[in-house]
Amino acid sequence: MRRELGLRGQVDAEAVARALGLSIERRPLLVLEEMRVGDYIMVADRLEPWWQRWVVAHAIGHCILHPGNHFWMRRHTDLARAFEREAEDFAYGLLVDPAEEAEEGLSNSWEVAKHFGVPLEVLRQRELRDTP
């Protein structure tokens, strides 16, 4: 999706959401980081800007990859863990471009996080997950 839209650097996830017909609202969510209801993505207003960008991209992933009632699915199926992983992978693909990372000569996680405006913790978790 990133290449299809010609995106580089720090992606405006909210602009992508709006282009898909989704609205973003910041709410005082105490437990969740994001929640989707219909065409609305609610983002916890307590999050730092880079985390808000990440959870919006994550929610877009759910909208595209997992349409339907997530509350019902969480309660009645074992798909929640797989769905979360897929939404995380989608968010990474939307917000971080390995080809651009190589072009820019970014070699450290903190450089990648800063360049693409994503949480360093997400990159570190991904590195741990992908390490054999």
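Scroll up to find the structure this text is about.
The sections below set out a description of the structure shown in this document. (Residues numbered from 1 in each chain as written. Predicted model: local features only at pLDDT ≥ 70, side-chain atom pairs only at ≥ 80, totals over all residues. Heavy atoms only, no water.)

Focus on the side chain of D97
Now for step 1: Mapped onto the fold, D97 is located in the loop between α4 (80–95) and α5 (98–103).
Now for step 2: With residues near it in sequence (within four places) discarded, D97 still touches R2, R3 and F116. (Helix = DSSP H or I, 4+ residues; strand = E, 2+ residues; numbered from the N terminus. Contact = heavy atoms within 4.5 Å.)

Re a nonpolar patch on the surface
Now for step 1: A cluster of nonpolar residues, M1, L5, L20, I64 and L65, forms a patch on the protein surface that exposes about 410 Å² of accessible area.
Now for step 2: Within the secondary structure, L5 is located in the segment before α1 (13–19). (Patch = residues over 30% accessible without salt bridge, like charges linked within 9 Å, V, L, I, M, F, W, Y side chains within 5 Å. Areas by Shrake-Rupley, 256 points an atom, 1.4 Å probe, with all protein chains shown as cover. Salt bridge = Lys/Arg side-chain N within 4 Å of Asp/Glu carboxyl O.)

Let's talk about the packing of aromatic side chains
Now for step 1: This model, assessed by the stated rule, comprises zero aromatic pairs.
Now for step 2: Here R126 stacks its cationic end above the ring of Y92, 3.8 Å away from the centre of that ring. (Phe/Tyr/Trp six-rings, centres within 6.5 Å; stacked < 30°, edge-to-face > 60°. Lys NZ or Arg CZ within 6 Å of the ring centre and 35° of its normal.)

Here we look at the nonpolar core
Now for step 1: Ranked by size, the top nonpolar core spans 32 residues in total, and within it I60, L94, L95 and V118 carry the most contacts.
Now for step 2: It is helix α2 (residues 49–65) that contributes the most residues to this core, seven residues altogether.
Now for step 3: V118 has contacts with W50, R53, W54, L95, V96, A113 and L123, leaving out every residue within four places of it along the chain. (Core = buried A, V, L, I, M, F, W, Y, C linked by side-chain atoms within 4.5 Å. Buried < 20%, exposed > 50% of the residue type's maximum accessible area, 1.4 Å probe, protein only.)

Here we look at α2
Now for step 1: Taking 1.5 Å per residue, 17 residues should reach 24 Å; α2 reaches 24 Å between its end C-alpha atoms and fits that length.
Now for step 2: Along α2, the residues that are buried comprise Q52, W54, V55, V56, A57, H58, A59, I60, G61, H62 and C63. (Expected span 1.5 Å × (residues − 1).)

A few points about the side chain of S109
Now for step 1: Residue position: S109 is located in helix α6 (residues 109–116).
Now for step 2: By relative accessible area, which is 16% here, S109 ends up buried.
Now for step 3: Not counting residues within four places of it along the chain, the set of residues in contact with S109 comprises L120, L123 and E127.

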